[in-house]
Amino acid sequence: GIRPDQTRSDHQTLGPDLDSQKMMASLLGLLLLTTLLQSSIAWPDGHPTDLCDQKEPFHDGGATTIQGGSTSFRVSASRSKDGCNVRVCVEALSASSQFKGFFLKGLRCGRKAPDFADYTGSFSNGSPGTKIICPGNSSVTQTTSASISSACMNWRPSGMDCSGCVNFCATVIKSFSLHHIDVCQRVMLQEPTTMPPPMLTTMPPVLTTMPPVLTTMSPPMPTAMPTCNSDPCAENGPCPNKQVCRIKDVVCVQAPCCPVAQCLRGCKPRKLKERLVTGNCTSIKPVARKECDGFCSSETICQAAKIKEKEFAFRCEGGIKMKLPVAIHKKCKCQQSIAMP
């Protein structure tokens, strides 16, 4: 049979192996927890500076990407009169829409989809908690993962050209599992100017001598060149149906070349009914909603003054059904979101 001293010896041999296995399991659990904690924060100290052309964060674990930000976020812009300075803000539309990170660029207009490699201009004077990154100071991001409701900064065009169009686009990180891309605001840097009226001229008299009698020809009557109305919008009267009067560009063929007034849609909610696509999710039925749209004065933009959120059913990748909030613009107003310093 087995002697008692043999049993004790075998127990002493197996003991260290069991302790080693328990220690190894504890270390593996700690490593897994550390990895999960590190991956749960989206861009904790801002967008990586070596990925300036990449607008989406690299998140493992099935993060949802929503294109556009009308449901929760917006980019607003207020420009100076000469178009050489623009104050740009990334804003949450409600207290529940605070975000943990963002990545903003000024892009050239004219592309069907925002291309973060085709940037223009440079940023400066960012609000606290932001930093300027990427070549030419072309981008802005956050410095911490703390939740915020807005971030603002100044932008200037490249060189001395303060004309044309710029499209400010942002990626907004709501949480590790949800982020919005292509949250954009298009801005015209300068408005077309009207031509001044032509100067009035008077023809001088001409003296001629006709033989054999000296005669003096009567001076011709002064003639005035036709003039242009300096304010054709005021001349034509108010536009109907709350439309906005704007000056239309005129190609001058023969003087005088006068500006022409035209009535355009004013700032008010536009009715839309369409299927919404947000990243890998599509609304199950067409969504009836309203979104602010229309023309304002040269120093303001059409923005939502009153917003109501309503949830709609979406079908996402893999057949998963979920409800997502959609912003309904109830009232619109021409306004500047942030005043120029």
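Description of the structure in this document.

1. Notes on the overall build of the chain
Moving on, step 1. In terms of regular secondary structure, the chain is built from two helices and 18 strands.
Moving on, step 2. By the burial criterion, 32% of the 341 residues in the chain qualify as buried.
Moving on, step 3. For the chain, long-range pairs separated by at least 24 residues make up 63% of all intrachain contacts whose partners lie at least 6 apart in sequence.
Moving on, step 4. Within the structure as shown, the chain displays about 21,000 Å² of accessible surface, and the carbon and sulfur contribution to it stands at 57%.

2. Re the packing of aromatic side chains
Moving on, step 1. What the rule picks out here adds up to five aromatic pairs.
Moving on, step 2. Residues Phe103 and Phe116 carry aromatic rings whose centres are separated by 5.6 Å and whose planes lie at 45° to one another, so their mutual orientation is tilted. In this pair, Phe103 is assigned in strand E4 (residues 101-108) and Phe116 in the loop between E4 and strand E5 (122-124), connecting sequence segments 13 residues apart. For the residue pair Phe103 and Phe116, the accessibility class agrees, reading buried in each case.
Moving on, step 3. Taken together, the ring pairs in this structure connect Phe73, Phe99 and Phe102 into an aromatic cluster.

3. Observations regarding the sheet that holds strand E18 (residues 321-335)
Moving on, step 1. One open sheet holds the four strands; their spatial order is E14-E15-E17-E18, and the pairing between them is antiparallel. Looking at strand neighbours, the two that pair on one side only are strand E14 (277-278) and E18, the edges of this open sheet.
Moving on, step 2. As judged from the 14 bridges shared by strand E17 (residues 301-316) and E18, these two strands associate in the antiparallel manner. When the bridges of E18 are listed, Ala304 appears paired with Cys332.

4. Focus on the state of the cysteines
Moving on, step 1. Applying the stated criterion across every chain yields a total of ten disulfides.
Moving on, step 2. Through a disulfide, Cys296 is tied to Cys334; the S-S separation comes to 2.0 Å. Between Cys296 and Cys334, the disulfide has an S-S torsion of -80° and is therefore left-handed. One end of the pair, Cys296, is in the loop between strand E16 (287-293) and E17; the other, Cys334, is in strand E18, with 38 residues separating them in the sequence.
Moving on, step 3. Classification of Cys296 by relative accessible area gives buried; the value is 7%.

5. Some words on the side chain of Ser97
Moving on, step 1. Examined against the element boundaries, Ser97 turns out to sit in the loop between strand E3 (86-92) and E4.
Moving on, step 2. A polar contact is formed between the side chain of Ser97 and the side chain of Ser94, at a distance of 2.9 Å.
Moving on, step 3. The residues touching Ser97, leaving out its near neighbours within four places in the chain, are Ser72, Phe73, Ala92, Lys174 and Glu309.

Rules used in this analysis
- Residues numbered from 1 in each chain as written.
- Predicted model: local features only at pLDDT ≥ 70, side-chain atom pairs only at ≥ 80, totals over all residues.
- Heavy atoms only, no water.
- Helix = DSSP H or I, 4+ residues; strand = E, 2+ residues; numbered from the N terminus.
- Buried < 20%, exposed > 50% of the residue type's maximum accessible area, 1.4 Å probe, protein only.
- Contact = heavy atoms within 4.5 Å.
- Areas by Shrake-Rupley, 256 points an atom, 1.4 Å probe, with all protein chains shown as cover.
- Phe/Tyr/Trp six-rings, centres within 6.5 Å; stacked < 30°, edge-to-face > 60°.
- Pairing = 2+ DSSP bridges.
- Disulfide = S-S within 2.5 Å.
- Polar contact = N/O pair within 3.5 Å; in protein donor to acceptor, adjacent residues only side chain to side chain.

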